[in-house]
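# Reading the structure
Letter by letter, the chains look like this.
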Amino acid sequence: MLMPNHYDPADSVERLAALRSYEILDTPRESEFDELVELAAEICEAPISVVNLIEDHRQWFKAEVGLGIRETPLDISICRHVLLQPGITMISDLRDDPRMCANPLVTADEGLRFYAGCLLETPDGHGIGTLCVLDRSPRLLTLRQQSALKTLAHQVMAQLELRRSLRQKTLLLEQKEMLLKEVNHRTKNNLQLIVGLIQLQLRQVHDKEAQTALMDTSRRIMSIAAVHERLYQTDEVGTVNVATYLSQVVAGIRATASHEITFELDITPARLSLDTAIPLALLVNELVTNALKYAYASPSFGQVSITVKPENELMVLTVADKGKGFSSGFNPRKSKSLGMKIIASLCRQLNADFVFVNNQPGVICITKFSAATHLSH
Ligand SMILES: Nc1ncnc2c1ncn2[C@@H]1O[C@H](COP(=O)(O)OP(=O)(O)OP(=O)(O)O)[C@@H](O)[C@H]1O
Ligand SMILES: [Mg+2]
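Report follows, based on the coordinates. (Residues numbered from 1 in each chain as written. Chains lettered and ligands numbered in written order. Predicted model: local features only at pLDDT ≥ 70, side-chain atom pairs only at ≥ 80, totals over all residues. Heavy atoms only, no water.)

## Comments concerning the packing of helix α5 (residues 208–233) against helix α7 (residues 274–295)
The condition is simple: Angles run from 0 to 180 degrees between N-to-C directions of axes, and those axes are lines fitted to C-alpha atoms, restricted for helices to the stretch in contact. Numbering of helices and strands runs from the N terminus, with a helix taken as a DSSP run of H or I at least four residues long and a strand as a DSSP run of E at least two residues long. The hand of a helix crossing depends on one turn: near helix anticlockwise from the far one by less than a right angle means left-handed, and clockwise means right-handed. The contact definition used throughout considers only heavy atoms, calling two residues in contact when any of these lie within 4.5 Å. The classification used treats Ala, Val, Leu, Ile, Met, Phe, Trp, Tyr, Cys and Pro as nonpolar, Asp, Glu, Lys and Arg as charged, and all other residues, Gly among them, as polar.
Packing of α5 against α7 leaves a shortest axis separation of 10 Å and a crossing angle of 145 degrees. The handedness of the crossing between α5 and α7 comes out as right-handed. Residues Thr212, Asp216, Arg219, Arg220, Ser223, Ile224, Val227, His228 and Leu231 of α5 touch α7, and the partners they reach there are Leu274, Ala277, Ile278, Ala281, Leu282, Asn285, Glu286, Thr289 and Lys293. The residue makeup of the contact of α5 with α7, split by class, is eight nonpolar, five polar and five charged.

Right under this line is the structure:
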């Protein structure tokens, strides 16, 4: 039984909004839908099958076999008449149906005679189109064919739903990533603000020791700011490329160093999480600052090398200089100095082993940590 045609359901604003929310209209053919119409035609033994979406002025075919066109005006649409009819609508001879008998698709020589369509219904109950089969002679579908057509129509809707929720998720993810970048941007700005405040305070302080302490603190904060800067500049939210990040951190320290010091960097590109990148950068900051402070008599020539390389499952950070080395009897692990305490605490955060080699000349610090992220080039 067809519903009486008091108003044209094709014009319903809510229905059209529901249809457009799938963003499927005028998209290219896709095998997922092509395969469903091919199967419908085969099971129903019909020469024509269509995934037909009904807009207010046209019917547009996401997939079809046996028609060779992608759309027609709505006034010759057969499917538009079944938009209020849930499930299967079957018309055994279109010439006997008063709504279809004048339709040029039906009256033409070799015109359409048989129609069976299953409504494509959204979860909110809007009919947005049909999965239908057509034939050029009057006939019927068996119960099994009807049931298969219904199943295939559900599959069409499942595909449409899947694409829509995927698109919504991608959009949400993009918004989250934007937000995260914004937070990182602000964090970096706030850290720079703190550094600015420290610099101001530095001008008021005349005690040498206090000045050094304030400068060290501001350098440590700058290392953290650098990671947040990298984080909003990369596309991969939440991780940084250790090579670019450490180069930036070292460049910051270098700016304060004597020009005669040469820096050698050999860092395997790898993406590190924030939890690893920040303590690692602070560690590099402590070790490189120490090398600059203590290794060479100032001003003098010298060299500091920083390498990060994978070794088995771990990453190995090496910071080495060729300077005067630790004074005899100095045990970095037993030292009460702040720098060594910070180094030990950062290594604990990294779950890392570290060892100082008093190499005569120079000091080498080797730290092995696990980086649960992939290498990228
Ligand atoms: N690369 C190095 N070459 C020679 N001596 C070093 C080197 N690194 C550290 N030292 C020695 O180890 C001591 C302890 O270093 P640490 O970083 O703990 O303290 P600091 O640099 O004096 O103070 P802070 O780091 O708190 O500013 C230094 O005072 C220095 O004598
Ligand atoms: Mg130090």
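This is not the end of the story, as more comes after the structure.
## A closer look at the environment of Leu141
Our working rule: Exposure is judged per residue with a 1.4 Å probe applied to protein chains only, and the accessible area is read against the type maximum: over 50% gives exposed, under 20% gives buried, and values in between give partly exposed.
Considering the arrangement of structural elements, one finds Leu141 in the loop between β6 (127–135) and α4 (143–204). Its relative accessible area of 7% is what places Leu141 among the buried residues. In the structure, Leu141 is positioned 95 residues away from Ala46 in sequence and 9.7 Å away in space, judged by C-alpha atoms. Ignoring anything within four residues of it in the chain, the contact list for Leu141 reads Cys44, Met90, Phe114, Ala116, Val133, Gln146 and Leu149.

## Remarks on the site of ligand 1
Keep this limit in mind: Throughout, the term near means that a residue has one or more heavy atoms lying within 4 Å of the molecule or strand in question. Pairing of N or O atoms within 3.5 Å defines a polar contact, subject to two protein rules: one partner must be a possible hydrogen donor and the other a possible acceptor, and residues neighboring in sequence count only if both atoms are side-chain atoms.
Close contacts around ligand 1 come from 16 residues, with Asp216, Asn290, Tyr294, Ser337 and Met340 the closest. For ligand 1, an oxygen atom lies 2.7 Å from a polar atom in the side chain of Asn290. Taking Gly339, its main chain carries an N or O atom lying 3.2 Å from an oxygen atom of ligand 1. Looking at the shell around ligand 1, the elements with two or more residues in it are α5, α7 and α8 (338–349).

## Quick look at helix α6 (residues 242–254)
For clarity, the threshold we go by: One less than the number of residues in a helix, times 1.5 Å, gives the span that helix is expected to have. By definition, the arc is the one covered by directions from the helix axis to the C-beta atoms.
Over its 13 residues, α6 runs 18 Å from end to end, which matches the ideal 18 Å to within 8%, given 1.5 Å per residue. Along α6, the residues that are buried comprise Val242, Ala243, Tyr245, Leu246, Val249, Val250 and Ile253. For α6, the arc enclosing every buried residue in end-on projection is 165 degrees, short of the 170-degree limit, so these residues lie on one face. The inward-facing, buried residues of α6 contact α5, β7 (239–241), β8 (261–267), β9 (271–273), α7 and β10 (302–311). Two or three places before Ala243, at the start of α6, stands the capping residue Asn241, its side-chain oxygen 2.9 Å from that residue's backbone nitrogen.

## Focus on the sheet that holds strand β5 (residues 114–121)
Defined as follows: Strands pair, by our definition, only if DSSP identifies at least two bridges between them.
The strand order β3-β2-β1-β6-β5-β4 describes an open sheet built from six strands, whose pairing is antiparallel. At either margin of the open sheet sits one strand with a lone partner, and together these are β3 (71–73) and β4 (88–91). Within the sheet, the average angular offset between the axes of one strand and its neighbour, ignoring direction, is 25 degrees. Sheet topology note: the strand β2 (residues 58–65)/β3 ladder contains three bridges and is antiparallel. Bridge pairing in β3 places Arg58 opposite Pro73. In the packing of helix α2 (residues 31–43) onto the sheet, the strands contacted are β1 (48–54), β2 and β6, and the crossing angle to β2 comes to about 75 degrees. Seen against the sheet, α4 touches β1, β2, β4, β5 and β6 and runs at an angle of roughly 40 degrees to β5.

## Side note on the packing of aromatic side chains
The condition is simple: By convention, a stacked pair of Phe, Tyr or Trp rings (six-membered ring in the case of Trp) has centres within 6.5 Å and planes under 30 degrees apart, an edge-to-face pair has planes over 60 apart, and any other such pair is tilted. Comment: the charge-over-ring label is applied if NZ (Lys) or CZ (Arg) is within 6 Å of the ring centre and within 35 degrees of the ring normal.
Applying the stated criterion across every chain yields a total of three aromatic pairs. Taken together, a centroid distance of 4.9 Å and an interplanar angle of 45 degrees make the contact between Phe326 and Phe330 tilted. Within the aromatic cluster, the residues linked to one another by ring pairs are Phe326, Phe330, Phe354 and Phe356. Sitting over the face of the ring of Tyr22, Arg164 holds its NZ or CZ atom 4.1 Å from the ring centroid.

## Observations regarding the pattern of salt bridges
Threshold: Just to be clear on terms, a salt bridge is a Lys or Arg side-chain nitrogen sitting within 4 Å of an Asp or Glu carboxyl oxygen.
The tally for this structure, following the rule as stated, stands at 20 salt bridges. Arg163 is the partner of Glu30 in a salt bridge, and the nearest nitrogen-oxygen pair spans 2.2 Å. Residue Glu30 is located in the loop between α1 (13–21) and α2, and its partner Arg163 is located in helix α4; the two are separated by 133 residues in the primary sequence. Of the charged contacts in the structure, one is a salt bridge between Glu182 and Arg186, with a shortest N-O distance of 2.9 Å. With a gap of four residues between them, Glu182 and Arg186 both fall in helix α4, about one helical turn apart. By relative accessible area, which is 35% here, Glu182 ends up partly exposed. If you follow the salt bridges from partner to partner, you end up with Arg20, Asp26, Glu55, Asp56, Arg58 and Glu71 in one network.

## Thoughts on the sheet that holds β10
Spatial strand order, β8-β10-β11-β13-β12: five strands in an open sheet with mixed pairing. Every other strand in the sheet has two partners, leaving β8 and β12 (353–358) as the edge strands with one partner each. On average, each strand axis in the sheet is tilted by 10 degrees relative to the strand beside it, whichever way the strands run. Where β8 and β10 come together, seven bridges link them in parallel fashion. Directly across from Phe263, in β10, lies its bridge partner Val304. Lying on the sheet, α7 is in contact with β8, β10, β11 (314–321), β12 and β13 (363–369); it crosses β11 at an angle near 15 degrees. On the sheet, α8 packs against β12 and β13 and is oriented at approximately 140 degrees with respect to β12.

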